[in-house]
Amino acid sequence: MLGWGVEFLWAEMNRLLSLLFHQGVLDEQFLQLQQLQDESSPNFVSEVITIYFHESEKLLRNLRLLLMDRELSDYKKMEIHLNQMMGSSSSIGAKRVCNVCVAFRAASEQNNHAGCLRALELLEHEYCYLKNKLHELFQIEQQRALASGARYPAHQN
Amino acid sequence: MSTSQALSVTSLKGEVTALVVDDDKVSQVIHHHLLNILGIENHVVGNGKEAVEIHLSGKKFNLILMDRDMPVMNGIEATKKLRDMGIRSTIAGVSSHSVSQERQAFIEAGLDDYHEKPLSVAKLLSVVSKIMHKA
């Protein structure tokens, strides 16, 4: 019964990952990130993603503040924040978020306030979707790890 | 197989040191980890000014991974400054989504190599192999 649970959870993880790849939410870089995780750094992926969430939410708040005043929008500062979000998003394989950042930056370079607002709304939407799905993925992974540990208690040190 | 297992035969422990210059915390953590996997002792700083200051303090590195877009002092300014100071380390520029003029300006500042983010194991290995050939 526990063995079935582990396999079921493994299949669920793979199903979710396939979906995210198929939707273009994640790209190959996410797999590269997973491959950097090993016994000496067993929580590497979740640590990186946690930092990504924390930094991204700061950047999104800053972008929202910069766009609040139509007359005084600081487009140079916006580009700095967007470059940072693009860099971190591409580093974790968050392809759709990265693509929206590119479009946002193009609107910012043209001082297009309405375009920037639209891009920000899309960016917030894409980021929320990504965050929810990654939380789901980590929950399944945690359940799988627990189920594996319960299945093989004799192998624990 | 994890990347660290696959790379276990290529450890450069003690042979190469590196400096990561990037304001983005995600990139800092990933690049630091990638370098650790290769056995490369490395420091991390958050902008070009800190990169210049760490060199002024007397520290030297074989490799500098230099982000282009940073506050206080960007990668282009920092690279020019380090070259003017006589720093001959391998400087590899890393940037997210540049147009060709931006890339060219960064290269002309004094880079030995340039890669778009994300920095993968393969890209990092190609940079490191240039250092080994230089030596």
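These numbers were taken from a predicted model, which means no experiment stands behind them.

J.: Help me get a handle on helix α4 (residues 75-84) of chain B, residues and values and all.
T.: Residue and element names in this part refer to chain B. Regarding α4, the residues found buried are Gly75, Ile76, Ala78, Thr79, Leu82 and Arg83. Axial view of α4: buried residues confined to an arc of 165°, hence all on one face. Of the surrounding secondary structure, the elements contacted by the buried residues of α4 are α3 (48-56), β3 (63-67), β4 (90-95) and α5 (100-108). A side-chain oxygen of the first residue of α4 lies 3.0 Å from the backbone nitrogen of Ile76; this N-cap is Asn74.

J.: Explain the sheet that holds strand β5 (residues 113-116) of chain B to me, and be specific about the residues and the numbers.
T.: Residue and element names in this part refer to chain B. With parallel pairing, the five strands of this open sheet are ordered in space as β2-β1-β3-β4-β5. In this open sheet, the two edge strands, each paired with only one partner strand, are β2 (41-45) and β5. Direction aside, neighbouring strands of the sheet carry axes that sit 20° apart on average. With four bridges connecting them, β4 and β5 associate as parallel partners. Each bridged residue has a counterpart across the sheet, and for Gly93 the counterpart in β5 is Tyr114.

J.: Please provide a residue-by-residue account of the packing of aromatic side chains, values included.
T.: Two measures describe an aromatic ring pair: the distance that separates the ring centres and the angle between the ring planes. Residues and elements named next belong to chain A. Taken as a whole, this structure holds four aromatic pairs over all chains when the rule is applied. Taking 6.2 Å as the distance between ring centres and 50° as the angle between the ring planes, the aromatic pair formed by Tyr52 and Phe53 counts as tilted. When sorted by exposure, Tyr52 lands in the same class as Phe53, which is buried. Look at Phe53 and Tyr127: their rings are 6.2 Å apart centre to centre, the planes differ by 85°, and that puts the pair in the edge-to-face class. With Phe53 in helix α3 (residues 44-66) and Tyr127 in helix α6 (residues 113-151), this pair connects stretches of sequence that are 74 residues apart. Through successive ring pairs, a cluster of aromatic residues spans Tyr52, Phe53 and Tyr127. The positively charged end of Lys131 is found above the aromatic ring belonging to Phe53, 5.4 Å away from the centroid.

Cut-offs and rules
- Residues numbered from 1 in each chain as written.
- Chains lettered and ligands numbered in written order.
- Predicted model: local features only at pLDDT ≥ 70, side-chain atom pairs only at ≥ 80, totals over all residues.
- Heavy atoms only, no water.
- Buried < 20%, exposed > 50% of the residue type's maximum accessible area, 1.4 Å probe, protein only.
- Helix = DSSP H or I, 4+ residues; strand = E, 2+ residues; numbered from the N terminus.
- Arc of directions from axis to C-beta.
- Contact = heavy atoms within 4.5 Å.
- Polar contact = N/O pair within 3.5 Å; in protein donor to acceptor, adjacent residues only side chain to side chain.
- Pairing = 2+ DSSP bridges.
- Axes fitted to C-alpha atoms, helices over the stretch in contact; angles between N-to-C directions.
- Phe/Tyr/Trp six-rings, centres within 6.5 Å; stacked < 30°, edge-to-face > 60°.
- Lys NZ or Arg CZ within 6 Å of the ring centre and 35° of its normal.

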